[in-house]
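Spelled out from the first residue to the last, the chains are:
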Amino acid sequence: MRAVTGVWRWRRSPLRRATDRCEAWAALVSLLLVAVAAPALGWVCGALTDGALQRTVREQRARLHATTAVVVRLAPGASRLVTDPETAAERGLRASVVARWRAPDGTARSGTVTTFSRSVRSGSEVEIWTGPDGRAAQRPMDAATARTHAVLAGIGVALLAAGLVEGGRRLVIRSMTRRRYARIDRAWAEAGPDWGRTGTGS
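Residues numbered from 1 in each chain as written. Predicted model: local features only at pLDDT ≥ 70, side-chain atom pairs only at ≥ 80, totals over all residues. Heavy atoms only, no water.

A.B. asks: How would you summarise the overall build of the protein chain if you had to cite specific residues and measurements?
C.D. replies: Across its full length, the protein chain holds three helices and six strands. For the protein chain, the succession of helices and strands along the chain, N to C, is α-α-β-β-β-β-β-β-α. Out of the 202 residues in the protein chain, the part that is buried amounts to 27%. Restricting the contact set of the protein chain to residue pairs at least 6 apart, pairs at least 24 apart contribute 64%. Of the roughly 13900 Å² of accessible surface on the protein chain, 59% is carried by carbon and sulfur atoms. (Helix = DSSP H or I, 4+ residues; strand = E, 2+ residues; numbered from the N terminus. Buried < 20%, exposed > 50% of the residue type's maximum accessible area, 1.4 Å probe, protein only. Contact = heavy atoms within 4.5 Å. Areas by Shrake-Rupley, 256 points an atom, 1.4 Å probe, with all protein chains shown as cover.)

The structure is reproduced here in C-alpha cells:
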C-alpha cells in the first residue's frame with residue numbers, strides 16, 4: 001500500500017522530483033514482483049521438480065523389487081536411531097544385519113543389509129529391496145517424500161526470487177539517492193561563493 005500511495009502522492013505534487021516518482025514506481029514494481037511473480041516462479045519450479053522426482057520414483061519402483069529376507073545375525077556396527085531420508089517414515093531404529101534372500105530369478109543370495117524393522121533377531125523376516133541382479137539396493141524414494149522435496153524446492157525458489165527483487169530495488173534506490181546528492185552538491189558548489197550575501201539573486 002505504501003508503494004501505491006507513494007506513486008499517487010507524487011503524481012501532481014509541486015514538490016515532486018523525478019527521483020521521487022522513480023522511487024515510488026520502483027517500490028510498486030518490486031511489490032508486484034514479490035507478491036505475484038515470485039510465488040508463480042516458485043510454483044512452476046515446484047511443479048517441474050515434482051514431475052521429475054515422481055518420474056524417478058516410478059523408475060525406481062519399476063527397476064527395484066521388494067522381497068523378504070531372513071535375518072541370520074546382526075552385522076558388526078551399532079544400531080542407531082535415525083530418519084530414513086527416502087521415505088516419509090518417522091524416526092526408527094536402523095540396524096545392519098546379515099540376511100539371506102532369493103533373487104527375482106530364484107537364486108539364493110546373502111549379504112549385509114540395512115533395515116528399519118523393529119525385530120532383527122536371528123530368523124526374523126525383514127523387507128528389503130533388490131535390483132534386477134538380485135543384489136540388495138537402497139529403498140526407493142516414495143511419492144510423499146518426492147512431493148515434500150518439490151514443495152521445499154518451490155518455496156526456496158520463491159524466497160530467493162523475492163530476495164533478489166528486494167536487493168535489486170535497494171540497489172536502484174541507492175543509485176538514485178547518490179545521483180540526487182551529487183546534484184545537490186553541485187548546486188551548492190555553484191551557489192557557494194554568493195550564498196548569504198546581501199542582494200544575492202536579486
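A.B. asks: Which residues make up the nonpolar core, and what values go with them?
C.D. replies: Listed in full, the 10 residues of the largest apolar core are A69, V71, A95, V97, A99, W101, V113, V120, V126 and I128. Looking at this core, the elements with two or more residues in it are β1 (65–74), β3 (92–102) and β5 (125–130). If you tally residues by element for this core, the top one is β3, at four residues. Contact partners of V97, with chain neighbours within four places excluded, come to V71, R73, L74, A75, G111, T112, V113, T115 and V120. (Core = buried A, V, L, I, M, F, W, Y, C linked by side-chain atoms within 4.5 Å.)

A.B. asks: Could you give an account of the environment of A40, naming the residues involved and the relevant values?
C.D. replies: Structurally, A40 can be placed in helix α2 (residues 18–63). On the basis of relative accessibility, which here comes to 39%, the residue A40 falls in the partly exposed class.

A.B. asks: Before we move on, could you go through the environment of S110 and cite the residues and values that matter?
C.D. replies: In this structure, S110 sits in strand β4 (residues 108–115). In the structure, S110 is positioned 12 residues away from V98 in sequence and 7.2 Å away in space, judged by C-alpha atoms. Not counting the four nearest positions on each side in its chain, S110 is found in contact with A99, R100 and W101.

A.B. asks: Talk me through the pattern of salt bridges; I want residue IDs and the actual numbers.
C.D. replies: In this structure the tally under the stated criterion is four salt bridges. Residues E166 and R170 are paired through a salt bridge, measuring 3.0 Å at the closest nitrogen-oxygen approach. Within this pair, E166 and its partner R170 are both found in helix α3 (residues 143–191), separated by four residues, close to a single helical turn. Here E166 falls in the partly exposed class, since its relative accessible area comes to 27%. Sharing partners across several salt bridges, the network here consists of E166, R169 and R170. (Salt bridge = Lys/Arg side-chain N within 4 Å of Asp/Glu carboxyl O.)

A.B. asks: Any chance you could break down the confidence of the model for the protein chain for me, citing the residues and the numbers?
C.D. replies: The share of residues in the protein chain with pLDDT of 70 or more is 76%, and the mean pLDDT across the chain is 80. In the predicted structure, residues 87–91 sits below a pLDDT of 50 and forms 10 contacts with residues beyond four places in sequence or in another chain. (pLDDT = per-residue confidence, 0-100.)

A.B. asks: I'd like to hear about the environment of L31, residue by residue, with values.
C.D. replies: Turning to its location among the elements, L31 is positioned in helix α2. Since its relative accessible area comes to 39%, L31 is described here as partly exposed. The spatial distance from the C-alpha of L31 to the C-alpha of V165 is 8.8 Å, given a sequence separation of 134 residues.

A.B. asks: Pulling in residues and values, what's your account of α3?
C.D. replies: Along an α-helix, residues three or four positions apart point the same way, because every turn accommodates 3.6 residues. With 49 residues, α3 extends 72 Å from end C-alpha to end C-alpha; this agrees with the ideal 72 Å at 1.5 Å per step. Turning to α3, its buried residues number three or more, namely T145, A146, A150, G154, A158, A161, A162, I173, M176 and R180. (Expected span 1.5 Å × (residues − 1).)

A.B. asks: Any details on a nonpolar patch on the surface? Residues and values, ideally.
C.D. replies: A contiguous nonpolar patch, built from V151, L152, I155 and L159 and spanning about 400 Å² of accessible area, is present on the exposed surface. By secondary structure assignment, the location of V151 is in helix α3. (Patch = residues over 30% accessible without salt bridge, like charges linked within 9 Å, V, L, I, M, F, W, Y side chains within 5 Å.)

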